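# A structural walkthrough
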Amino acid sequence: MDSVQRGLAETLRALHHDRTLVLPNAWDAASAALIAQAGAPAIATTSGGVAWSAGRPDGHGLTRAEMAALVARIVQVVDVPVTADIEGGYGPSDDDVAATVAAIVEAGAVGINLEDSTAPGGPLFDVPAQVGRVRAARDAATAAGLPELWINIRTDVYLFGIGEAEGRLDDVLTRAGAYAAAGADSLFVPGLIDLETLGLLVKESPLPVNVMVWPGAPSVAELEAVGVRRISVGTAIAQAAYAVARNAAVELLGHGTYSALEGGLDFGAVNSAVTG
């Protein structure tokens, strides 16, 4: 493990404590380079966008090795910390998670997202099983020489509507306590944007809380005000970029005009972002 990667890991840790960390998620090397140029202090990948860029679906559509190779390309073009979305760890067992963490550390990333859902839509791993997976991630990072790896543990209780609505906050808090004890560093709760509920979660959670936002969600300032410490956008920027591609093609093929291409970045700006 080189001192540069460990330094980036320490930087990522500090970013979670200095202020609310806002992460516009990247999906390939060029998007990561441009997001870093825009001022992002760290780069978070989106598993969906990374998979789509390789012509695969989200939800373990990539192999572990393919995902790690794509993350390595992102690491190579930015000078800021990179945290990688490793979905469910590319397999259900502790050993699967450990192998994925080892591959991600080798790729140069200094943080991960790890889900507690067994498949898109659920069900979730029970708490003891997910605790074992978190511990495996922490042990693998330490064995790889990066004990500072930031583990952002994702629970999909709200995203997939697991259980009765009135019991979801308690479920998340139970999981947060267990995951924290197992070595997680922050709690990612996609699907939850209600400010009142977030305020309760932030107050009771032993881990700093990460929220995923989209158009119509509360603003960064509103989320900061209730104590949210990390904000990301998942696949939203990738979806917007792909919308431009499709809309431009529809216009070009159907009308022979080009207005959808207005506002694009200068060729040189994009090219220079990925030129060493």
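Every chain begins its residue count from 1, and numbering advances along the sequence as written. Given that this is a predicted model, residues contribute local features only at a pLDDT of at least 70 and side-chain atom pairs are listed and counted only at 80 or more, while totals for whole chains, interfaces and linings are drawn from all residues. With hydrogens and water set aside, each side-chain value is computed from the structure's full complement of heavy atoms.

Here a helix means four or more residues in a row that DSSP labels H or I, a strand means two or more in a row labelled E, and each is numbered from the N terminus. Counting secondary structure elements, the chain contains eleven helices and eight strands. The globule rule is 2.2 Å times the number of residues to the power 0.38, and the radius of gyration it is compared with is taken over C-alpha atoms. Rg of the C-alpha trace for the chain: 19 Å, near the compact-globule value of 19 Å for 276 residues, within the 12% margin. Its C-alpha atoms give the chain principal-axis dimensions of about 55 × 45 × 35 Å. Any pair of residues with heavy atoms lying within 4.5 Å of one another is described as a contacting pair. Residue pairs in contact within the chain that sit at least 24 positions apart in sequence constitute 66% of those at least 6 positions apart. The accessible surface values rely on the Shrake-Rupley method and a 1.4 Å probe; as for residues, cover is taken only from the protein chains in view. Carbon and sulfur atoms form 56% of the exposed surface of the chain, whose accessible area is close to 12300 Å².

We now examine the sheet that holds strand E2 (residues 43–44). Spatially, E1-E8-E7-E6-E5-E4-E3-E2 is the arrangement adopted by the eight strands of the open sheet, whose pairing is parallel. Edge positions in the sheet fall to strand E1 (21–23) and E2, since each has one partner strand and no second. The sheet contacts of helix H1 (residues 3–18) involve E1, strand E3 (82–85), strand E4 (111–115), strand E5 (150–154) and strand E8 (230–232), and relative to E5 the element is tilted by about 60 degrees. Here, strands pair whenever DSSP counts at least two bridges between them. Under this scheme, a helix contributes an axis fitted over its contacting stretch, all axes are lines through C-alpha atoms, and angles between N-to-C directions fall in the 0 to 180 degree range.

Take the pattern of salt bridges next. Where charged atoms from two side chains of opposite charge approach closely, those side chains can pair. A carboxyl oxygen of Asp or Glu within 4 Å of a side-chain nitrogen of Lys or Arg is what we treat as a salt bridge. For the structure shown, the criterion picks out nine salt bridges. Glu66 is the partner of Arg56 in a salt bridge, and the nearest nitrogen-oxygen pair spans 2.8 Å. Here Glu66 lies in helix H4 (residues 64–77) and Arg56 lies in the loop between helix H3 (47–53) and H4, a separation of ten residues in the sequence. Per-residue accessibility, obtained with a 1.4 Å probe over protein chains only, is compared with the maximum for each type, and a residue is labelled buried under 20%, exposed over 50%, and partly exposed between these values. Of the residues examined, Glu66 reaches a relative accessible area of 27% and is grouped as partly exposed. Across the pair Arg175 and Asp171 runs a salt bridge whose closest N-O atoms are separated by 3.1 Å. Of this pair, Arg175 and Asp171 both sit in helix H7 (residues 168–182), four residues apart, which is roughly one turn of that helix. On the basis of relative accessible area, Arg175 is assigned to the buried category, the value being 7%. Here the salt bridges do not stand alone but share partners, grouping Arg13, Arg138 and Asp185 into one network.

A few words on the side chain of Thr45. In this fold, Thr45 is placed in the loop between E2 and H3. Residue Thr45 is classed as buried on the basis of its relative accessible area, which comes to 3%. Within the local environment of Thr45, its side chain forms a polar contact with the backbone nitrogen of Asp85, the two atoms lying 2.9 Å apart. Filtering out sequence-adjacent residues up to four positions away, Thr45 remains in contact with Asn25, Ala26, Val50, Val71, Ile74, Val82, Thr83, Ala84 and Asp85. Whenever a nitrogen or oxygen atom comes within 3.5 Å of another N or O atom, the pair is scored as a polar contact, on the condition that within protein one atom can donate a hydrogen and the other can accept it, and that pairs from neighbouring residues in sequence are kept only if both atoms are in side chains.

On to the pairing of E5. Across the five residues that make up E5, a large majority, five, are buried. Looking down the strands as they point away from the viewer, one classifies a crossover as right-handed if the path from the first strand across the helix to the second runs clockwise. Chirality of the crossover, the property in question, places the unit of E4, helix H6 (residues 127–143) and E5 among those that are right-handed.

On to helix H5 (residues 94–107). An ideal rise of 1.5 Å per residue puts 20 Å on 14 residues; H5 measures up with 20 Å between its terminal C-alpha atoms. Among all positions of H5, only Val97, Thr100, Val101, Ala103, Ile104, Val105 and Ala107 are buried. Expected span of a helix, by definition, is 1.5 Å for each gap between consecutive residues, and there is one gap fewer than residues.

We now examine the environment of Thr235. As for its position among the elements, Thr235 is in the loop between E8 and helix H10 (236–255). Thr235 sits 211 residues away from Pro24 along the chain, and the two C-alpha atoms are 9.4 Å apart.

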